[in-house]
Amino acid sequence: MVSWIISRLVVLIFGTLYPAYYSYKAVKSKDIKEYVKWMMYWIIFALFTTAETFTDLFLCWFPFYYELKIAFVAWLLSPYTKGSSLLYRKFVHPTLSSKEKEIDDCLVQAKDRSYDALVHFGKRGLNVAATAAVMAASKGQGALSERLRSFSMQDLSTIRGDSSSPVPPPVTVRTSSKQSKPKTSRSASESTGSSGSAQAP
């Protein structure tokens, strides 16, 4: 565990940050020699990082594995050994020069296939989204119609219940017998007075 932590710190500080700073200085000073030197280092370091991903899984049990990684990074960076320049000129450059056309063709085909796959899956995704939207709209419309239908049936039942309720009987106004009697006596006295005035001459 301690060896793993130390190796990670060494690779991070001396294998990444230190070369990144000197690459910045090479770009700033526009020194072609230094620029080419650090470009070769970054190509070798990229290959080292790719290989390290797999060797950490299968060779971490090997004795002095992390110590060998620290020594390899130091060998790449050392101005005396010039390990990165040596590996690039002896192995990487000749291999890439002989396979450059095939690599470019593979990259172009992979780019075209990835674009076609992206378009294909994009169309499928749009079709699935459109189908889901149509289904959701149809289900929502069906639920809305059922809701409106339930409301209309409830209103009809309410109207029927109101029409079946009994109509209250009309209210009749009755006059009392006490009020009718004075009218009768008054009419009788009026008739007597009129007959007496007729007999007076």
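Higher on the page you've got the structure.
Owing to the predicted nature of the structure, the values given are computational and were not obtained by experimental measurement. (Residues numbered from 1 in each chain as written. Predicted model: local features only at pLDDT ≥ 70, side-chain atom pairs only at ≥ 80, totals over all residues. Heavy atoms only, no water.)

Right, let's talk about the overall build of the protein for a bit. For the protein, the helix and strand inventory stands at 6 helices and 0 strands. Going from the N terminus to the C terminus, the protein shows its helices and strands as α-α-α-α-α-α. Partitioning the contacts of the protein with sequence separation of at least 6, the portion at a separation of at least 24 is 56%. When the accessible surface of the protein is summed, it comes to about 16,700 Å², and 67% of that surface belongs to carbon and sulfur atoms. (Helix = DSSP H or I, 4+ residues; strand = E, 2+ residues; numbered from the N terminus. Contact = heavy atoms within 4.5 Å. Areas by Shrake-Rupley, 256 points an atom, 1.4 Å probe, with all protein chains shown as cover.)

For helix α4 (residues 83-98), which comprises 16 residues, the first-to-last C-alpha distance of 22 Å matches the rise-based estimate of 22 Å (1.5 Å per residue) to within 8%. Of all the bends in α4, the greatest measures close to 40° and is centred on R89. Listed in full, the buried residues belonging to α4 are G83, S84, S85, L87, Y88 and V92. Elements that come into contact with the buried residues of α4 comprise α2 (32-58) and α3 (65-77). (Expected span 1.5 Å × (residues − 1). Bend = angle between axes of the 7 residues up to and from the residue. Buried < 20%, exposed > 50% of the residue type's maximum accessible area, 1.4 Å probe, protein only.)

Turning our eyes to something else, we now look at a nonpolar patch on the surface. Taken together, F54, L57, F58, L59, W61, F62, F64 and L68 make up a surface patch of nonpolar side chains, about 990 Å² in accessible area. Here F54 shows up in helix α2. Classification of F54 as exposed rests on a relative accessible area of 51%. (Patch = residues over 30% accessible without salt bridge, like charges linked within 9 Å, V, L, I, M, F, W, Y side chains within 5 Å. Salt bridge = Lys/Arg side-chain N within 4 Å of Asp/Glu carboxyl O.)

Bringing unusual backbone geometry into the picture now. Working note: non-glycine residues mostly have negative phi, and peptide bonds are mostly trans. Within the chain, F64 stands out as a residue other than glycine whose phi angle is a positive 60°. Structurally, F64 is set in the loop between α2 and α3. Phi angles above zero are rare outside glycine, and K82 is one such case at about 50°. Tracing the backbone shows K82 in the loop between α3 and α4.

Moving on, we come to the packing of aromatic side chains. Applying the stated rule across the entire model yields 14 aromatic pairs. On the basis of an interplanar angle of 55° and a centroid distance of 4.8 Å, the ring pair of Y18 and Y22 is categorised as tilted. One end of the pair, Y18, and the other, Y22, are both in helix α1 (residues 2-29), 4 residues apart, so they sit about a helical turn from each other. On the accessibility criterion, Y22 (31% relative accessible area) is partly exposed. Between Y41 and W42, the ring centres sit 5.4 Å apart and the planes meet at 70°, which makes this aromatic pair edge-to-face. On the basis of relative accessible area, W42 is assigned to the partly exposed category, the value being 27%. One aromatic cluster in this structure is built from Y18, Y21, Y22, Y24, W38, Y41, W42, F45, F48, F72 and W75. (Phe/Tyr/Trp six-rings, centres within 6.5 Å; stacked < 30°, edge-to-face > 60°.)

Judged by nonpolar contacts, the single largest core of 13 residues is most densely connected at Y41, I44, F45, L76 and Y88. Of all the elements in the fold, those that place two or more residues in this core are α1, α2, α3 and α4. Here this core takes 6 residues from α2, the largest share from any one element. Leaving out residues up to four positions away in the same chain, Y41 has contacts with F14, G15, P19, L76, L77 and S84. (Core = buried A, V, L, I, M, F, W, Y, C linked by side-chain atoms within 4.5 Å.)

Among the surface-exposed residues, K33, K37, K82 and R89 lie close enough to one another that they form a single positively charged patch. Counting through the fold element by element, R89 comes out in helix α4. (Lys, Arg positive; Asp, Glu negative; His and termini not counted. Charge placed at Lys NZ, Arg CZ, Asp CG, Glu CD.)

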